[in-house]
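Residues per chain, in single letters:
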12 protein chains.
Amino acid sequence: MKSVMIINGPNLDLLGSREPEIYGSLTLEDINKGLESTANQLGMELIFHQSNLEGRIVELLHEAGQHCRGVVINPGGYSHTSVAILDAIKSISIPVVEVHLSNLHKREKFRRRSLTASGAAGIISGFGQLGYHLALRALSEMI
Amino acid sequence: MKSVMIINGPNLDLLGSREPEIYGSLTLEDINKGLESTANQLGMELIFHQSNLEGRIVELLHEAGQHCRGVVINPGGYSHTSVAILDAIKSISIPVVEVHLSNLHKREKFRRRSLTASGAAGIISGFGQLGYHLALRALSEMI
Amino acid sequence: MKSVMIINGPNLDLLGSREPEIYGSLTLEDINKGLESTANQLGMELIFHQSNLEGRIVELLHEAGQHCRGVVINPGGYSHTSVAILDAIKSISIPVVEVHLSNLHKREKFRRRSLTASGAAGIISGFGQLGYHLALRALSEMI
Amino acid sequence: MKSVMIINGPNLDLLGSREPEIYGSLTLEDINKGLESTANQLGMELIFHQSNLEGRIVELLHEAGQHCRGVVINPGGYSHTSVAILDAIKSISIPVVEVHLSNLHKREKFRRRSLTASGAAGIISGFGQLGYHLALRALSEMI
Amino acid sequence: MKSVMIINGPNLDLLGSREPEIYGSLTLEDINKGLESTANQLGMELIFHQSNLEGRIVELLHEAGQHCRGVVINPGGYSHTSVAILDAIKSISIPVVEVHLSNLHKREKFRRRSLTASGAAGIISGFGQLGYHLALRALSEMI
Amino acid sequence: MKSVMIINGPNLDLLGSREPEIYGSLTLEDINKGLESTANQLGMELIFHQSNLEGRIVELLHEAGQHCRGVVINPGGYSHTSVAILDAIKSISIPVVEVHLSNLHKREKFRRRSLTASGAAGIISGFGQLGYHLALRALSEMI
Amino acid sequence: MKSVMIINGPNLDLLGSREPEIYGSLTLEDINKGLESTANQLGMELIFHQSNLEGRIVELLHEAGQHCRGVVINPGGYSHTSVAILDAIKSISIPVVEVHLSNLHKREKFRRRSLTASGAAGIISGFGQLGYHLALRALSEMI
Amino acid sequence: MKSVMIINGPNLDLLGSREPEIYGSLTLEDINKGLESTANQLGMELIFHQSNLEGRIVELLHEAGQHCRGVVINPGGYSHTSVAILDAIKSISIPVVEVHLSNLHKREKFRRRSLTASGAAGIISGFGQLGYHLALRALSEMI
Amino acid sequence: MKSVMIINGPNLDLLGSREPEIYGSLTLEDINKGLESTANQLGMELIFHQSNLEGRIVELLHEAGQHCRGVVINPGGYSHTSVAILDAIKSISIPVVEVHLSNLHKREKFRRRSLTASGAAGIISGFGQLGYHLALRALSEMI
Amino acid sequence: MKSVMIINGPNLDLLGSREPEIYGSLTLEDINKGLESTANQLGMELIFHQSNLEGRIVELLHEAGQHCRGVVINPGGYSHTSVAILDAIKSISIPVVEVHLSNLHKREKFRRRSLTASGAAGIISGFGQLGYHLALRALSEMI
Amino acid sequence: MKSVMIINGPNLDLLGSREPEIYGSLTLEDINKGLESTANQLGMELIFHQSNLEGRIVELLHEAGQHCRGVVINPGGYSHTSVAILDAIKSISIPVVEVHLSNLHKREKFRRRSLTASGAAGIISGFGQLGYHLALRALSEMI
Amino acid sequence: MKSVMIINGPNLDLLGSREPEIYGSLTLEDINKGLESTANQLGMELIFHQSNLEGRIVELLHEAGQHCRGVVINPGGYSHTSVAILDAIKSISIPVVEVHLSNLHKREKFRRRSLTASGAAGIISGFGQLGYHLALRALSEMI
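Quick summary incoming for the structure in this document. In this text the structure is predicted, and so the values were computed from the model without any measurement.

## A short note on the interface of chain I and chain B
Frequently, the measure chosen for interface size is the accessible area that the parts lose on association. Counting residues at the interface gives 17 residues for chain I and 16 residues for chain B. Together chain I and chain B conceal approximately 1,300 Å² of surface at their shared face, both sides included; 54% is due to carbon and sulfur atoms. Summed over the shared surface of chain I and chain B, the number is three salt bridges. Along the contact surface separating chain I from chain B lie eight residue pairs in polar contact (both at pLDDT 80 or more). When residues of the side of chain I that touches chain B are traced back to their parent elements, those giving at least two are helix H3 (54-67) and helix H4 (83-91) of chain I. Looking at the side of chain I that touches chain B, the element that brings in the most residues is H4 of chain I, giving seven residues. Looking at the side of chain I that touches chain B residue by residue, the classes come out as eight nonpolar, four polar and five charged.

Given below as C-alpha cells:
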C-alpha cells in the first residue's frame, strides 16, 4: 500500500457551514470519507490532517517527507502568502499536488496567485471535492 | 448575558513595555480589567484571549462562532497579511469588530491596509484602549 | 459646555435616498437629531455643517480650530483625494475624528485609503450612524 | 454518447519535438489516441481540434456551444492575453475545463496568470498528458 | 543555396502609404526586391511571406522550421503581445532574427518591450529597410 | 452614396444569446437591420462584416481604407490588447469610430483601457445598439 | 417637454480661446445655442450650467435629480479625480451621459481613465461639439 | 505698471500658526507686505488673492488671464491632484510661476510630484517667503 | 557568562537534506555544535531553539527579551512576510542580529526584501554557517 | 567676500549648441560671465566648475564644503539617478541650491523626480539662465 | 576617409575572460582588429576608445561630435541607467548606433530597457562581435 | 600572505564628519588602521583604496582580479544603481564581500535594494566599522 498524506489548511475544518455558496455543503469529514474508495482502487492508504497553523503544516510536510509517498494539500489562505510552506514543499522529495475547491482565477485578486503551487508538481482548482479525487489519480501516476 | 470574545493578537501581551510612545503604557491586563465595567453596563460577559499564533486565532474565531454573540479583535501584525484570519472571520456568522490602538493611516505603508478588516463589520483605529470600549458599544447595537 | 463641530462632506445631504443599501435609510437630519442626546450626556454642544465644496470644508475646519474643542468629520468622497483637507486637519490643534458610514475596506479599491485620516486622531468606519456616536465618545476622552 | 470537444491551441501541433524537457516527448496524436479509452469508459465521444489562430479557437468554442456537452481546452500561449477567448468561453453555457501540460506557477511571470481560466469551470496544470484525462473525469461529473 | 524565410507581420502590406514619416516611402515589394542582390551575394534563396494573422505567422514559423535554414521576421504589432509567436520561435531549431523598421526605444512605451525577441537570436531596430539586409548578413554567419 | 464599413469583432456573432444582462437580447442581424434606416437618412451605404480573427479585422480595415469613406468598429475583446488593429486604424486615412455596447468604465479593470481607441476619431460606449446609430451620425459630420 | 440639464465643468467657460487646437474655436455659448434645435426636435427643454467648482457640480447634479429627466455632463478636469462627483451621479436616479470634446484615449495618461464615467450610463468622447448632440439623442432613448 | 496676481491656495491663510516648523512663523499678510518693495523696484502692481476653493482658483486664473501680465501661484495641496487648475494655467497665455514654501522633494511622496507645475513656466521650491520674491524677479524677465 | 538565544525558523530543522546546493550539507545540529567554541571564546552561553511556527518565534523573542543579552535569528521564510516577528523584534530592547545562509540578493525577487531585518541591528547574508559565527562576534561588540 | 561654488554637470559644456530649443542658445561661458555682476552686487566671489564625471562632482562638493559658503549646482542628467551626489550634498554643512534650465515637470517622466534635490535647500527649475541668478539671491539670504 | 569612433563602455576591457558563456572568448583587441577590414571596405577610418567612466564616455561623445562622422557605441552597464550618456548622444548631430553583444531581451529584467538607445539612430543586439560589423554597415548608409 | 583589497566608494572619505548619527565618528583612516591587526591575525595583507568615481571602482575591481585573493567593498551610493560595478564584480573570479556601515533595511526605500550585492559572495550590513572585520573573517574562510 502506498501511503499518501492529505493535508487541509486553515478554515477547512468549517467546510459545510463556511460560505457554502463558494465551498459547497459537504463537511471535510464527508470529503475524506469519499476519498477512501478512490484510494483503495489506486492501492493507496490515506493519512488525514487538518491544521489552522502555518507552522504545523510545515511540520506535517516534513513528516510526510519521511513516511509517505505523496501529498495532497489544500493550503487554504496560506497558499497566497506562505514562503515557509513553499520552502517545506521544496524541502521534501515526494510529489505534492495542490488542490483548491474553488477556481482561484475567478476570485479576488489576492487569491489568484498561489505561491505554494510554484513548489508543487501541479495544481487542480475549481472542481469542488472532485479535485481531491483527481489529485489522487495524478499522484498515482507519479509514485 | 451576551457572551463576547476579546481576541488580542501577536505582541499585544507585551503592552506597557512595548514601544510605549506608540502603544501607550497600559498592560493588556489593565485594558481588559477596564473593559469589565463597560461590559456590565451593556449586559455582556467577556471572554479574553491573547495569542501570538495565527492559526490559534483562526481557531478562537471558530470557537467564538459557536459559543459567542460577537467578537472584538485586534489582529496586530496579522491584520496586514493573513488571508487565513480573514477567511475565519467570514466563516462565522456573528459580528466581528476590529480594533487597533494606533491610527494605521499614520504609520508605515505596509500597516495602512487591513486585509482582515475587509471581513469585519467595522474598524476602529487610533484611540488607544478607548477603541475596545467603543467596539463593545458598537457590538452592543448589532447583537 | 464643550463645543464640537460635526462636518459632513459631499453627497451626505442626500442620505436616506442615496444608495440606501450602502448608506442606510436615515436622513442626515435624522442622524444629527439622534446625536443630541449623546452630546448632552457628554456635556457637548454640537454645531452642524454639511458642504459639498472641498474648499468650504477646509474653511470649516479653520473655523472649528478657532472656536471649538473638537471635530467629527465625514469627508465623503474627498477622503481619498484631498491633500487640502488633510493639510487643514493638520493646521489646527484640536482633535479630529473621522467617521465613515460604510466599512471602507469592503469597497472599491480607491475608497480603501483615507488620505485625510492620516491627519486625524483616529478613524471609525462601518457602523452606520452609530459611528458618529462612538466618535463623540472618543472626542469626549480627548478634550 | 456525450459529445466533448478537445481544443488545443497554438504550437501544440509541434508536441513531441517542441522543447521536450518542458512539454514531454509525446505527440499531440499520441495524447489524443490515449484519451479514447478514458472517453469510452465515461461514455463520451471526443471531437479533436487544433488551431494556431486565436479567432478560429473562438469559433470552435461557438460550435461546441451548439453541438457538444463540454469542452477541454489548452489555449497555449493565448491563455495569458486573449480577452476574445475568455469572452467566447463565457458566451457558451456548457462547462469548459482548461488544461496545461506544465505547471504555470513554475514558469515565467507572464505565464502565471491565465486570463482565459477566469471563465472556465476549473483548471488543471502541471501533470503532462494526464491532465487531459483528469479533465475528462471532471467534465463527466458536471454534464 | 541556403533557403531563408522572410516573414512580415500585420500592416506591413501597407508600407509606403502607412505613416511614411515613421515607416518610410518604400513598399514591401520594393524592400523585398532590394533584398535579392544581398541574398545572391550570400548564397541564399529567399521565400517571402506577409500575413496579418497571428496564427498564420505561427504556422509559417513551423513551416520554416522544417524547410529553411533561417528566418528574418518583423512581427509588427504582435511583437509586444504574442506569447504564441514567441513559443513558435522557441519551438523550432533554426536561427530567427527580428527586425523593426523604426527604433522601438524611441516610440510609445508599449512598443519598447519585444516579447517575441526574447526567443530570437538577435534584434535589429531603427534602420528602415537596411535592417533586413543586416539581418541576412547576421543569419549568414549563423547558418 | 457614401460607403461605410461596419466591423464587429470577436463573439459579437453570438449577440442575443451571449450574457444578455450585459449585451442585450438583440442579435447582430437585428442591430444591422436597424441601422439601414439611419444610413438611408444620412445618405450612406453600409457594408457589414463580423470576424473573430484579429488579422482578418486588420485586413478589413485595409479594405475599407481603399473603398470606403468611414468605418464603425466594435473590436470586442481585441480593443484592450491589439497593437495590430491599432496600427491598422492608424494606417488608413478615413475616420474610424469605435463603439462598445457596454460602458467599459463600469467593467473589469482590463476592459477599461481601449488601446485601439487611441487611433480612432472618437469612442462611444455604454448605449447598447444605439451606439452604432450615434456613430453613423458622428461619421456623417466627418466625411 | 422633457427637462434636461447640461453641466459643463471647469475651464469650459474659456472655450474658443483655450488651446483651440485641442478644444476647437467655438465658445461654450455657441455650442449651447447649437443644441437648441436638436433639443426641440427631441422634445427636450435644456437648462445650462457651467461651474468651475467641484462641489457646485455635485449640487447641480442633486438639483437635476429632483427636477430633470436626464443630464449631459462634461466634468472636464474633475473627470479623472472626483470621487465626489462620481458619488453624486450614483446618488440620483436619472440617466447621466458623459461627454468629452477630445478623445481621452489620445491624450496624457492621467486623462485616459474617467472615474466619473463609471457612474454614468455611457460616455461619448472625441467628437467636439457634436458629442453633446449625440448625448441628447442617447438620453432621448433612455427617458 | 505691470499688473501681477499673487494667488495663494488652501490653508495658506493659516500661515504663521500652521505647522511653523515647516511653513515658518510669518503670516500671509506679512509675506504679502514684504513683496510690495520688490514689486515697486520691478515696476509691478500686485493683486493678492487667497482661496481654499479649487474652483475659485480656476476662476482667479481666468481673471488674471484677462487683466494681468503674469501670475505667481502657490496652489498648496491642490498642486498634487488638480487637473482643473493645470487646465486653467494652460488656458491662459500669460506666464505663471509656481512657488512652494517648503522643498517638495524632501517631503511625503504624494507631495513630490506637482501636476500643476507641468503647466507653469517654472517652479521655485524650498526657500520660504523668499520664493515669492524670486518669482517676481523671474516674471519680470518674462513680461 | 552572557546568555544569547539562537533562533532558527521554519524548515531549518531539515538542513543537510534540504536543497543542499543552496543550504549546504551540514545539519542544524552540526551548525549549533560548531558555534560552541566561538561562544566560549567570546564568553557567551548559547540557548538553541528551532520552530516552524511564526507565533512561537514571537514568543521566543519575548522570552529572550527577558532572560538574554542578545539574539541571533534566522527567520527563514517568515523574513519576507511577518509583521508579527518584526513587531516582536522591536518590542524587546536587546540587540538582534539576522542571519541567512544564502545571499538573499541572488535569489527570487520575493526573498530580496527582509521585513524582519528592518527591526534588527544588522543582517549577515550569504556566508553559510559562517554567518552565525560572524553574528556572535557582532553581538559580542554590542552587549 | 563670500565664496560660492557654481557646479555644472554633464553635457552642460555643450550649452549653446545642444538642443537649443530646450536649453537656449547661450554658452556656459556666457551664463557664467553674466553671473559676475549679480555676484558683485551680493558681495560674492564665484568659483566655476563643470564636470561630466559623477565622482568628480562628488569631490567638488567636498571641496566646497571646506572652502566655500554655498553652492549652486545643476547636476544635469545625474539629478535623477545619483545617490552618490545626494550623499555628498548631505555630507557638507553649507547650503546647496539646485538649478535646472528647463522645467523638469514638463519633460519625460524619468526627468521629473530629482533625487539630488531631496538633499538641497531648494530647487529652481524652468527659468533658463535666470535660474542661476535667482539661486545666488537665494543663497545670499541663507549665508 | 570617413572618421568613425568606436566607444566601448565599462567592463568591455575584460572581454575574453569575463563570463565567456555570455560574452564570447574574443578580446576587445581581437574584435577591434577584425573591424579594420570592414572599415576599409566601407572607406572608414576607425578611432577606438574604451572607458569604464560614465563621464569620460560623455566626453568621448562630445569629441566625436566635433571630429567624426558617426559613432558605434556599446555603453555596457550604463545603457540601462545613464541619463547623462543619453543626453550626450542627443547633444551631438552625427548618427550613433548602439551595439550589444548579447540579446538584451533574453537577460535580466533590468537589462531589457536601454535608456541610451532612445537617443540612438538604431540598436543591434545579440549577434556577438558581428554586431559591430553590422553597425558599421548601417552607419555607412547614413553618412 | 594573502593580498586583499579594501575598496571604499563615494563620500566615504568624509567619514567622521558626514552625518555622524548614521555613519559614526571614526574617520576612514581610523577604520583602516583598525583592520590591520585583524588582517595580521588572518595572514592577510591589505591594500586600501577609496574613490568617488564609479568607473575607477570598476577598474580597481579589475586590478584586484589580477593581483589579489579577495575584495572587501563598500560601494556607498553606487550600490543601488550601478550595473557597471555589478558587472565588474561578476567579471572577476575572486570572492567579493560587500559591507555597509548602516542597516540598509532601516533606511530610505531606494537604499534597501543592493544591485551590486547580487554579484557578491555575501553582504554584511548594519554593524558600523565592525562589519569590515567580519568581512575579513568571511573572506578568510573562502580563500
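Having put the structure on the table, let's press on.
## Quick notes on the sheet that holds strand S1 (residues 2-8) of chain I
Ordered in space as S2(I)-S1(I)-S3(I)-S4(I)-S5(I)-S5(L)-S4(L)-S3(L)-S1(L)-S2(L), the 10 strands form an open sheet in which the pairing is mixed. Here the strands that pair on one side only, and so sit at the sheet edges, are strand S2 (44-50) of chain I together with strand S2 (44-50) of chain L. Averaged over neighbouring strand pairs, the angle between their axes works out to 20° when direction is ignored. Inspection of the sheet shows strand S4 (residues 96-100) of chain L paired to strand S5 (residues 122-125) of chain L by four bridges, in the parallel sense. Following the sheet pairing, His100 of chain L is matched in S5 of chain L by Ser125 of chain L. Seen against the sheet, helix H2 (residues 28-42) of chain I touches S1 and S2 of chain I and runs at an angle of roughly 160° to S2 of chain I. Its contacts with the sheet put helix H5 (residues 130-142) of chain I on S1, S2, strand S3 (70-74), strand S4 (96-100) and strand S5 (122-125) of chain I together with S5 of chain L, and the angle it makes with S3 of chain I is roughly 155°.

## Observations regarding the interface of chain B and chain C
Tallying the contact residues gives 24 residues for chain B and 24 residues for chain C. For the pair chain B and chain C, the summed buried surface comes to about 2,000 Å²; carbon and sulfur atoms form 62% of the total. When the buried surface of chain B facing chain C is broken down by residue, His105, Ile123 and Phe127 of chain B rank first, second and third, together holding 29% of it. Across the chain B-chain C interface, the total number found is zero salt bridges.

## Digging into the relation of the copies chain B and chain C
Mapping chain B onto chain C leaves a residual RMSD of 0.0 Å; the transformation is a rotation of 180° accompanied by 0.0 Å of translation along its axis. Here the symmetry operator amounts to a two-fold rotation axis. Closest to the rotation axis within chain B is the C-alpha of Ile124 of chain B, separated from it by 2.3 Å. Most of the interface of chain B is mirrored in chain C: 100% of its interface residues are interface residues there too.

## Considering the pattern of salt bridges
By the definition in use, this model includes 96 salt bridges over all chains. In this structure, the salt-bridge partner of Asp87 of chain F is Arg111 of chain E, at a minimum N-O distance of 2.8 Å. Placement of the pair is Asp87 of chain F in helix H4 (residues 83-91) and Arg111 of chain E in the loop between strand S4 (96-100) and strand S5 (122-125), with the two residues belonging to separate chains. What you see here is one network of salt bridges that share partners, running through Arg18, Arg107, Glu108 and Arg111 of chain A together with Asp87 and Lys90 of chain B.

## Brief notes about helix H4 (residues 83-91) of chain J
Residues and elements named next belong to chain J. The buried fraction of H4 is high, at eight of nine residues. Along H4, the positions that sit buried rather than exposed are Val83, Ala84, Ile85, Leu86, Asp87, Ala88, Ile89 and Ser91. Tucked into the core, H4 has its buried residues touching helix H3 (54-67) and strand S4 (96-100).

## So, the relation of the copies chain I and chain B
For the pair chain I and chain B, the superposition axis carries a translation of 0.0 Å, the fit reaches an RMSD of 0.0 Å, and the rotation angle comes to 120°. Classification of the inter-copy transformation places it as that of a three-fold axis. Comparing interface residues between copies, only 18% of those in chain I also lie at the interface in chain B; the contact surfaces differ.

## Overview of the pairing of strand S1 (residues 2-8) of chain F
All names here are of chain F. Counted residue by residue, S1 has seven buried out of seven residues, so it is predominantly covered. Side chains of S1 alternate between two faces, with Lys2, Val4, Ile6 and Asn8 and Ser3, Met5 and Ile7 buried alike. Direction of pairing for S1 relative to strand S2 (residues 44-50): parallel, over a ladder of seven bridges. Within S2, the position partnered with Asn8 by the bridge is Gln50. Note that S1 and strand S3 (residues 70-74) share five bridges and pair parallel. Following the sheet pairing, Asn8 is matched in S3 by Asn74.

## Some points on the sheet that holds strand S5 (residues 122-125) of chain B
The strand order across the open sheet formed by 10 strands is S2(B)-S1(B)-S3(B)-S4(B)-S5(B)-S5(C)-S4(C)-S3(C)-S1(C)-S2(C), and the pairing between neighbours is mixed. Only two strands of the sheet have a single partner each, and these edge strands are strand S2 (44-50) of chain B together with strand S2 (44-50) of chain C. Neighbouring strand axes in the sheet, compared pairwise and without regard to direction, differ in orientation by 20° on average. Against the sheet, helix H3 (residues 54-67) of chain C touches strand S1 (2-8), S2 and strand S3 (70-74) of chain C, its axis set at about 175° to S1 of chain C.

## Describing the environment of Ile47 of chain E
Residues and elements named next belong to chain E. Tracing the backbone through its elements, the reader meets Ile47 in strand S2 (residues 44-50). Its relative accessible area of 30% is what places Ile47 among the partly exposed residues. Those residues within four positions of Ile47 in sequence are excluded, and the remaining contacts are Ser3, Val4, Met5, Ile6 and Cys68.

## So, the arrangement of the chains
The two units chain A and chain F are non-contacting; their minimal C-alpha-C-alpha distance is 11 Å. Taking C-alpha atoms only, the smallest gap left between chain G and chain L, which are not in contact, amounts to 25 Å.

Thresholds, definitions, all that
Residues numbered from 1 in each chain as written. Chains lettered and ligands numbered in written order. Predicted model: local features only at pLDDT ≥ 70, side-chain atom pairs only at ≥ 80, totals over all residues. Heavy atoms only, no water. Contact = heavy atoms within 4.5 Å. Buried area = accessible area lost by both parts, 1.4 Å probe. Salt bridge = Lys/Arg side-chain N within 4 Å of Asp/Glu carboxyl O. Polar contact = N/O pair within 3.5 Å; in protein donor to acceptor, adjacent residues only side chain to side chain. Helix = DSSP H or I, 4+ residues; strand = E, 2+ residues; numbered from the N terminus. Nonpolar A, V, L, I, M, F, W, Y, C, P; charged D, E, K, R; others polar. Pairing = 2+ DSSP bridges. Axes fitted to C-alpha atoms, helices over the stretch in contact; angles between N-to-C directions. Least-squares fit on C-alpha atoms with pLDDT ≥ 70 in both. Buried < 20%, exposed > 50% of the residue type's maximum accessible area, 1.4 Å probe, protein only.

Spatial relationships are all this shows, so hold off on functional conclusions.
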